[in-house]
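Architecture and fold: a report
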Amino acid sequence: MAGIAFGGDYNPEQWPREVQEEDVRLMREAGVTMVSLGIFAWALLEPAEGRYEFGWLDEVVDRLHAAGIAVNLGTPTAAPPPWFSLKHPDSRPVTREGRRVGTGGREHACSSHPAFRHATAELVSRLAQRYGDHPAVVMWHVHNEYGAPLGECYCEASVAAFREWLKVRYATLDALNHAWGTTFWGQHYGDWAEIDAPRWSHTVVNPAQRLDYARFANDEHRGHYLLQKELLTGKPVTTNFAGTVNCKSMDLWTWAGDVDVIANDHYLDAERPDNHIHLAMSADLSRSLAGGGPWLLMEHSTGAVNWQRWGVAKRPGEMRRNSLAHVARGSDAVMFFQWRASRFGAEKFHSAMVPHAGTDSALWRDVVRLGAEVGRLAEVAGSRVSAEVAIVWDWESYWALELDWRPSTELRFLERVEAYYAALWREHVTVDFVHPSADISGYRLVVAPSAYLLTEGSAKNLQRYVEDGGSLVVSYFSGIVNEHDTIHPGAYPGVLREVLGLSVEEFHPLRDDETVALGRPDGVGRIWSERVRPAGARTVQSFATGPDAGHAAVTRHNLGAGVAWYIATAPDDLRELLAEIVVRAGVTRPGELPDALEMVERGPYVFLINHADAAAPVPGVVGADLISGAPFTGEVPAGGVCVVRTP
Ligand code: GLA
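Anyway, here's the lowdown on the structure attached to this text. (Residues numbered from 1 in each chain as written. Predicted model: local features only at pLDDT ≥ 70, side-chain atom pairs only at ≥ 80, totals over all residues. Heavy atoms only, no water.)

1. Quick look at the site of the ligand
- In the vicinity of the ligand, the residues found are Phe 40, Arg 106, Asn 144, Glu 145, Asp 265, Tyr 267, Glu 299, Trp 307, Phe 337, Glu 347 and His 350.
- Side-chain polar atom of Glu 145 to an oxygen atom of the ligand: 2.6 Å apart, as the coordinates give it.
- Note that an oxygen atom of the ligand is positioned 2.7 Å from one of the side-chain N or O atoms of Trp 307.
- Relative to its unbound accessible surface of 310 Å², the ligand loses 96% to contact with the protein.
- Its atoms largely coinciding with the cavity grid, the ligand occupies the largest pocket. (Near = heavy atom within 4 Å. Polar contact = N/O pair within 3.5 Å; in protein donor to acceptor, adjacent residues only side chain to side chain. Areas by Shrake-Rupley, 256 points an atom, 1.4 Å probe, with all protein chains shown as cover. 1 Å grid on protein atoms, 1.4 Å probe; cavity = no way out; pocket = protein on both sides within 12 Å on 5 of 7 lines; lining within 4 Å. Sits in = over half its atoms within 2 Å of the grid points.)

Right, dumping it as structure tokens:
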């Protein structure tokens, strides 16, 4: 497809034919170029086992095609039909607590279950055959949001598959016993059949076993995806990620190579005043999964969602800012859930492109306007965003850190990553996310905010980066354990001692309202304090109060041609500290900009998104504004967006 795709999930099966016909007229009015179709339609396509009814879908696909609207065709495996669940009651997933999931919702079949895999292949091969060559179909949309809401399944089929997975991973029980540290609490295994899933128990279950179960569950969902991908030849295949930042259960680095294009769903968190920063983070992580190239925003909302505490409608201009911020950060699509608001079912209070109020509404007018603007951005498609700063992001570390019995329950992966990301966002610095083992040599600055689990190989990667001239920032409680949640030998932070030029003797986690003063005016640290013992590193800031008063809180270590910083608490003024580090690392930054002005360069296009209620001056940017069609005036209107094509 040329240009930036515009459209949404389309569920015509909920509507009579007159409405479906009106849909296509309205889609043209709004500039819709692509819809995602059939995502939950299994029971309508195969109402009884082996009885297929494709006629209605043929009609919809043909009608869309006649109107020049492309189809992103769903495989409806996220909604197994009632006949399937009745025939295979044991295909319904079991939670860690041992509750079997009921029907009547969606996502109620286990990805490992042989009957589910069989039924999936039967249906998907027919869809491939029937629609694979249809000129309207431009892409396959497999399943829906793997891993959400249920990442891990604890049914019998899963346990059997887990044992096979372990045999491949460890080959021998000796290797498994060693990796899992089963001498602790006498958990030694003498037979593969003795191994169970790490079910809920009244005390803590072996953390290495839990980590492996998380990896296994990720691989099982991927297996179910790959089974479909193999059948869907001829067109690009993707699956929509359940929010790159929010979908904890899937290690999306492992998925990135399996999809032909990265597709992400993103919803604002209504409780957060900084949700536009969270949006940017999700988009940057999507682009990073895409290796810096374009990706697709497969779902977001025109307004309120119906699954949060408050279904907050977007303020005027907010949808537009949201959509274009995704494009700024590399998306070649602006897609919504969903086209027309449902009248019944679980999501009837969810916003849509066509609201219940109909076309005589501000929301519809905004959708039509946005469609036209997205059309004007066609030339942006395919261009790339490049960043000089990277944040280390590793799902395995996310999983491991948040298992039970850590030194503090306030140690949360996202909390630290978001703190660093937000500080850099406010400094107008665009960041990529990287796996700790990735090639990071091209970045001026790499930040590892919450790298609790770090393999020896990854730690060496970070060290080499510094020795070769890079600048590294590491936050507390990083480099502590290996891939089996086993503590690296010697003092903390085992594999990072050398690069950071220090060791940590004792942790002093802070209680809820406890803070420590830092040795710079008004400096305050929260969550964490610890006894740092520099061994080569220089102290930049010290703790002034608290259990580590008089000892290092922030250090800097020159190593080889580079420098490694360590931050041993959660400073309130992280932004100030990072601003200094960014400057020292030689990161290119725009001149003075208002705080709430988001500026991202995508190829020759400068996206300027003003999140404030006052106009924002942006000196130094010259060129045509693709949105207004006129030369950029040097000022972004209050709440407005400009996309400037620079010479
Ligand atoms: C998810 C799903 C959609 C829909 C939206 C609602 O992203 O993929 O089917 O339920 O949430 O926000």
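2. So, helix 3 (residues 55-66)
- For helix 3, with 12 residues, the first-to-last C-alpha span of 17 Å sits near the 16 Å given by 1.5 Å per residue.
- Each element contacted by the buried residues of helix 3 is listed here: strand 1 (5-10), helix 1 (17-30), strand 2 (34-37), helix 2 (42-45), strand 3 (70-75) and helix 5 (114-131).
- Looking one or two residues past helix 3, Gly 68 carries a phi angle of roughly 75 degrees, positive in sign. (Helix = DSSP H or I, 4+ residues; strand = E, 2+ residues; numbered from the N terminus. Expected span 1.5 Å × (residues − 1). Contact = heavy atoms within 4.5 Å.)

3. Comments concerning helix 6 (residues 156-170)
- The end-to-end C-alpha distance of helix 6 is 21 Å, a good match for the 21 Å that 15 residues give at a rise of 1.5 Å each.
- Those residues of helix 6 lying buried are Ser 158, Val 159, Phe 162, Trp 165, Leu 166 and Tyr 170. Down the axis of helix 6, the buried set is contained in an arc of 120 degrees. They therefore lie on one face. Exposed side chains of helix 6 directed beyond 90 degrees from the buried face belong to Glu 156 and Val 168.
- Residues of helix 6 that are buried in the fold lie against helix 7 (173-180) and helix 8 (207-231).
- Taken from the residues just after helix 6, Ala 171 is the one with a positive phi, measuring 65 degrees. (Buried < 20%, exposed > 50% of the residue type's maximum accessible area, 1.4 Å probe, protein only. Arc of directions from axis to C-beta.)

4. Examining empty space enclosed by the protein
- A complete count under the given rule lists six cavities of 30 Å³ or more for this structure.
- A volume near 210 Å³ is recorded for the largest cavity.
- Looking at the largest cavity, it is lined by 25 residues, and the ones nearest its centre are Ala 109, Cys 110, Ser 111, Leu 150 and His 221.
- Considering every element that reaches the lining of the largest cavity, the biggest residue donor is helix 8, with four residues. (Points joined across faces, edges and corners; volume = space filled by probe spheres on them.)

5. Observations concerning the side chain of Thr 75
- You can see Thr 75 is positioned in strand 3.
- Within polar-contact distance, the side chain of Thr 75 engages the backbone nitrogen of His 143 at 3.0 Å.
- Thr 75 has contacts with Ile 39, Val 124, Leu 127, Trp 140, His 141, Val 142, His 143, Gln 228 and Leu 232, leaving out every residue within four places of it along the chain.

6. Thoughts on the sheet that holds strand 11 (residues 431-434)
- Ordered in space as 11-10-12-13-20-19-18, the seven strands form an open sheet in which the pairing is mixed. Since the sheet does not close on itself, it has two edges, and those belong to strand 11 and strand 18 (538-542), each with one partner. Strand after strand, the sheet turns through a mean of 20 degrees between neighbouring axes, direction not considered.
- Pairing analysis gives six bridges linking strand 19 (residues 552-559) to strand 20 (residues 562-567), with the strands arranged antiparallel. Bridge pairing in strand 20 links Leu 559 to Gly 562. (Pairing = 2+ DSSP bridges. Axes fitted to C-alpha atoms, helices over the stretch in contact; angles between N-to-C directions.)

7. Some words on the packing of helix 6 against helix 7
- Relative to each other, helix 6 and helix 7 sit at 95 degrees, their axes nearing to 9 Å. Comparing their axes, helix 7 and helix 6 come out roughly perpendicular. Contacts between helix 6 and helix 7 pair Phe 162, Leu 166 and Tyr 170 from the former with Ala 175, Leu 176, Ala 179 and Trp 180 from the latter.
- Tallied by class, residues from the contact of helix 6 with helix 7 come to seven nonpolar, no polar and no charged. (Parallel < 35°, antiparallel > 145°, perpendicular 65-115°, else oblique. Nonpolar A, V, L, I, M, F, W, Y, C, P; charged D, E, K, R; others polar.)

8. Quick look at the pairing of strand 11
- Of the two faces of strand 11, both are covered, the one formed by Val 431 and Phe 433 as well as the one formed by Asp 432 and Val 434.
- Pairing of strand 10 (residues 389-392) with strand 11 involves four bridges; the strand directions are parallel. Following the sheet pairing, Ile 391 is matched in strand 11 by Phe 433.

9. Side note on the layout of surface pockets
- Taken as a whole, the largest pocket holds about 1,100 Å³ of empty space.
- Along the wall of the largest pocket there are 47 residues; nearest its centre are Asn 246, Tyr 267, Asp 269, His 278 and Trp 307.
- Residue assignment places the lining of the largest pocket across two domains, with domain 1 (1-32 + 261-382) and domain 2 (389-584) each supplying three or more.
- In this structure, the second largest pocket spans a volume of roughly 710 Å³. (Domains from an automatic or database assignment.)

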